[in-house]
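Inside the fold
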Amino acid sequence: MSANSSRELPFIRASNTVRELMTLMDRFALGIVLVVDECQRLEATITDGDIRRAILSGIELDYSVGELLSMRKENGRNGRPLTAPCGTPPEELRQLMAAHRIRQIPLLNAEERVMDIALESDYLAERTLGLNGFIMAGGFGKRLMPLTEKCPKPMLPVNGKPILEHLVDKFRAAGIHHVSISTHYLAKSIIDHFQDGKEFGIDIEYVGEDRPLGTAGALAKVAVGDLPLLVVNGDILTSIDFRAMLEFHREHSADMTVAVQQHEVRIPYGVITTNGVDAVRIVEKPMLRNFVSAGIYLIQPSVCKMIPSDRTFDMPDLITGLINARKRVICFPIREYWLDIGQIEQYERASSDLASGVV
């Protein structure tokens, strides 16, 4: 804890590991960690976005914080962190955050030691997130038959309430006030449960699919406003930080942000690389790591206008179309809990994870 602050601060040294950095980031949940020297003088700040970019770059958890900062410098992201003197008026701090689109400003004394940190949440009466929500809930859930024979998959109960209600609760808690839900299979059970959303503290409207439109097609029917649209598959259970995802999306001026999850597959054999008939090398039982789409997307309103309304259209079609049109599609790696409830095994795991407090 700093000398003149009642708030414990997330300090770390450059010699600590990235694993320790992530633990500190999660424990404080401020979206920032302060790299300081032995005298508590600020050397650098590391944001949630910095960590996610490092994950995409393939950083190992045993790397040092100093190595992460070096990687960031190589990528041209090593500017001096924005700070302010202790005693800076709150209104000036709020204006600085708004001007630089940041949520935190370290406060330094005359000796450049970190005494406190100003947080956006200190100055906002209500945590409103500047986006609208969209939940895809029209699927048949065939892989979960017979559970979905009379109940749509998003309405299957997990620890006493439907999967979809867990998502709606997360949207509301994040500061999202309006959500659209696409429906098709057994739509009435979804509409009867949520109605207009007032009982759940959120405004809900429905986008009915007369026929299945694919994993992106229903977006062509949504009323597009000026705000980005957060799109989530209705069978996802996650603790992802939507606010951090929106910041990442804005920071990179993206047309679409795709949340991704690292998926590992071990090949149970020795894998040989060849050059013609010649063996070049062999790797015994290698682990293959790839990023897979996690069923969570942030899209600009203009993107919805690119989706055809007269045919089935899936998310891979949309992503490919945007890339071909030279629009910016970026990836946001998920560090938090994430589970795609697609099969019985995952459904059973969802209940046990919620009961044990993992989510």
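What this report covers is the structure whose coordinates are included nearby. For clarity, every value in this text was computed on a predicted model and none was experimentally measured. (Residues numbered from 1 in each chain as written. Predicted model: local features only at pLDDT ≥ 70, side-chain atom pairs only at ≥ 80, totals over all residues. Heavy atoms only, no water.)

**Concerning the packing of helix α1 (residues 18-28) against helix α2 (residues 48-56)**
Worth spelling out the cut-off: Every axis in this analysis is a line fitted to C-alpha atoms, fitted for helices over the stretch in contact. Angles between the N-to-C directions lie between 0 and 180 degrees. Helix and strand assignments come from DSSP, with helices taken as H or I runs of at least 4 residues and strands as E runs of at least 2, each series counted from the N terminus. Each angle is binned into one of four classes, with values under 35 degrees roughly parallel, values over 145 roughly antiparallel, values of 65 to 115 roughly perpendicular, and all other values oblique. Take the far helix as the reference: if the near one is turned anticlockwise from it by less than a right angle, the crossing is left-handed, and if turned clockwise, right-handed. Residue contacts are counted whenever heavy atoms from the two residues lie within 4.5 Å of one another.
Between α1 and α2, whose axes approach to 11 Å, the crossing angle comes to 140°. Taken as axis vectors, α1 and α2 run oblique relative to one another. Handedness of the α1/α2 crossing: left-handed. Along the contact surface, α1 presents L21, M22 and M25, while α2 presents D48, I51 and I55.

**Quick word on the packing of aromatic side chains**
Two descriptors summarise a pair of aromatic rings, namely the distance from one centre to the other and the angle between the planes of the rings. Stated formally: Here the aromatic set is Phe, Tyr and Trp, taking the six-membered ring for Trp, and pairing holds for ring centres within 6.5 Å; pairs whose planes are under 30 degrees apart are stacked, those over 60 apart are edge-to-face, and all others are tilted. Distance and angle both matter: a charge sits over a ring if NZ of Lys or CZ of Arg is within 6 Å of the ring centre and within 35 degrees of the ring normal.
One pass over the structure, following the stated rule, counts four aromatic pairs. On the numbers, 4.9 Å between centres and 50° between planes, the contact of F194 with F200 is tilted. Where F248 meets F332, the ring centres are 5.3 Å apart and the plane angle is 70°; that geometry is what we call edge-to-face. Remark: F332 occurs in strand β18 (residues 329-333) and F248 occurs in helix α8 (residues 242-251); sequence separation between them is 84 residues. Cation over ring: K142 sits above F140, and NZ or CZ is 5.5 Å from the ring centre. One residue, K170, lies across the ring of F242, its end atom 5.0 Å from the ring centre.

**What to know about the pairing of strand β16 (residues 278-284)**
Looking along a regular strand, one sees the side chains alternate between the two faces of the sheet. As a reminder of what qualifies: Relative accessible area decides the class of each residue, using a 1.4 Å probe on protein chains only: under 20% of the type maximum gives buried, over 50% gives exposed, and in between gives partly exposed. Two strands qualify as a pair provided DSSP detects at least 2 bridges between them.
Across the seven residues that make up β16, only a small minority, zero, are buried. Pairing between strand β15 (residues 270-275) and β16: six bridges, direction antiparallel. Looking across to β16, one finds that I272 is bridged to I282. Where β15 folds back onto β16 in an antiparallel hairpin, the turn is made up of two residues, including G276, whose phi is positive at roughly 70°.

**Some words on the pairing of strand β10 (residues 178-183)**
What counts, and what does not: When the strands point away from the viewer and the connection leading from the first strand across the helix to the second strand turns clockwise, the crossover is called right-handed.
With respect to burial, β10 is a largely interior element, six of its six residues being buried. Where burial is concerned, the two faces of β10 agree: the one with H178, S180 and S182 and the one with V179, I181 and T183 are both buried. Summarising the sheet, strand β7 (residues 132-136) and β10 pair through four bridges and their orientation is parallel. Within β10, the residue paired with I135 across the bridge is I181. Across six bridges, the pairing between β10 and strand β11 (residues 203-208) is parallel. In the sheet register, S182 faces β11, and the bridge partner there is V207. Handedness of the crossover joining β10 and β11 through helix α6 (residues 187-194): right-handed.

**Overview of the packing of helix α5 (residues 163-174) against α6**
Applied cut-off: In this classification, Asp, Glu, Lys and Arg are treated as charged, Ala, Val, Leu, Ile, Met, Phe, Trp, Tyr, Cys and Pro as nonpolar, and every other residue, Gly included, as polar.
Remark: α5 packs on α6, axes separated minimally by 11 Å, with the N-to-C direction vectors making an angle of 45°. When the axis of α5 is compared with that of α6, the two are oblique. You can see that α5 and α6 cross each other, and the crossing is right-handed. Mapping the contact onto sequence places L164, E165 and V168 in α5 and I190, H193 and F194 in α6. Each residue belonging to the contact of α5 with α6 can be placed in one class, and the counts come to four nonpolar, one polar and one charged.

**Observations concerning the sheet that holds strand β1 (residues 11-12)**
On the basis of which strands lie adjacent, the open sheet formed by three strands has the order β1-β2-β3 and mixed pairing. Each edge of the open sheet is held by one strand with a lone partner, namely β1 and β3 (42-47). As paired strands, strand β2 (residues 32-36) and β3 are joined by five bridges and run antiparallel to one another. Counted as the bridge partner of L34 is T45 from β3.

**Digging into the pattern of salt bridges**
Put simply, the rule reads: The salt bridge definition used is simple: a Lys or Arg side-chain nitrogen within 4 Å of an Asp or Glu carboxyl oxygen.
Per the stated rule, a full pass over the model turns up 20 salt bridges. Ionic pairing is found between E91 and R94, a salt bridge with its closest N-O pair at 2.6 Å. Of this pair, E91 and R94 are both found in helix α4 (residues 90-100), three residues apart, which corresponds to roughly one turn of the helix. Residue classification places R94 among the partly exposed positions, given a relative accessible area of 34%. Residue D169 pairs with K161 through a salt bridge whose shortest N-O separation is 2.5 Å.

**So, the side chain of D353**
Put simply, the rule is: For the purposes of these results, a polar contact is taken to be a pair of N or O atoms within 3.5 Å, where, inside protein, one atom must be able to donate a hydrogen and its partner to accept one; residues adjacent in sequence count only when each atom of the pair is a side-chain atom.
Tracing the sequence through the fold places D353 in helix α11 (residues 344-356). Residue classification places D353 among the buried positions, given a relative accessible area of 11%. Of note is the side chain of D353, whose polar atom sits 2.6 Å from the side chain of Y337. Apart from residues no more than four positions distant in its own chain, D353 is found in contact with Y337, V358 and V359.

**Considering the sheet that holds strand β6 (residues 114-119)**
Reading across the sheet, the three strands line up as β4-β5-β6 and stay open at both edges, with mixed pairing between neighbours. Every other strand in the sheet has two partners, leaving β4 (84-85) and β6 as the edge strands with one partner each. Strand direction decides the pairing type here: β4 and strand β5 (residues 104-108), joined by two bridges, are parallel. Residue pairing for β5: P85 is matched across the bridge by L108. In the packing of α4 onto the sheet, contacts are made with β4, β5 and β6, and the angle to β5 comes to roughly 135°.

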